[in-house]
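# Report on the structure
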Amino acid sequence: MQLILPTEKFQESYISYIKELGNEERYPFPLDFEYADFLGLLKKLDNYAKGIAIPNDAVPSTTYWLMQNDEIIGVTNLRHFLNQQITFCGGHIGLGIRPSYRGKGFGHILMEKSIHQLNAMGVEAIHIHCYKENLASSAIIIANGGELATEFSDNDKIIQRFVVGQV
């Protein structure tokens, strides 16, 4: 199992992944990008990684696919650094697991690989946020060394902020 940068080779697997998600809220945010022009999607993801043509409130971020047997089973988006808004709500890592692979330990693997990738990029204190009601996510964060830093209320939901590594 490995993290790879998005590539045209796995277009069919990506489209299948998106269809499997159906109408559920998609994590991480790049899964919401239009994909009908797949080469355009790949260019947009590459631009985000390079900090080119991204929204003013965004920061550079790199998307990786977790692959097993030529199938995308998870997606992670790693923010290279945080601005004030994303430090407050967002964090360094956004990730998701394909529905048919959930509950099988792949979230833990993807989180671990995401943390290692950020460490390799020089990020030592990794901020990871999730909804308090998302017990699976908080358990994965804690299992990967996350310590609860703070909580805050956003409308009717409580968001937990965890930190992995040195602050």
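Before going into details, it helps to say that this report is about the structure given with it.

### With respect to the side chain of Arg98
With respect to the element layout, Arg98 can be found in the loop between β4 (93–97) and α4 (106–120). Residue class for Arg98 comes out buried when judged on its relative accessible area of 2%. Of note is the side chain of Arg98, whose polar atom sits 2.8 Å from the backbone oxygen of Ile72.

### What to know about the side chain of Ser61
Inspection of the secondary structure puts Ser61 in strand β2 (residues 61–68). Owing to a relative accessible area of 1%, Ser61 belongs among the buried residues under this scheme. There is a polar contact of 3.3 Å between the side chain of Ser61 and the side chain of Asn77. Ser61 has contacts with Phe29, Leu45, Tyr48, Ala49, Asn77, Leu78, Arg79 and His80, leaving out every residue within four places of it along the chain.

### What to know about the sheet that holds strand β5 (residues 126–131)
The strands making up a sheet associate through hydrogen bonds between their backbones, and the pairing can be parallel or antiparallel. On the basis of which strands lie adjacent, the open sheet formed by 3 strands has the order β5-β7-β6 and antiparallel pairing. Looking at the sheet topology across the chains shown, the edges are occupied by β5 and β6 (147–154). Neighbour-to-neighbour, the strand axes of this sheet turn through a mean angle of 25°, independent of strand direction. Bridge count for β6 against strand β7 (residues 157–164) is 7 bridges, and the pairing is antiparallel. Across the sheet, Glu147 pairs through a bridge with Val163, a residue of β7. Its contacts with the sheet put α4 on β5 and β7, and the angle it makes with β5 is roughly 150°.

Reading the values: the criteria
- Residues numbered from 1 in each chain as written.
- Predicted model: local features only at pLDDT ≥ 70, side-chain atom pairs only at ≥ 80, totals over all residues.
- Heavy atoms only, no water.
- Helix = DSSP H or I, 4+ residues; strand = E, 2+ residues; numbered from the N terminus.
- Buried < 20%, exposed > 50% of the residue type's maximum accessible area, 1.4 Å probe, protein only.
- Polar contact = N/O pair within 3.5 Å; in protein donor to acceptor, adjacent residues only side chain to side chain.
- Contact = heavy atoms within 4.5 Å.
- Pairing = 2+ DSSP bridges.
- Axes fitted to C-alpha atoms, helices over the stretch in contact; angles between N-to-C directions.

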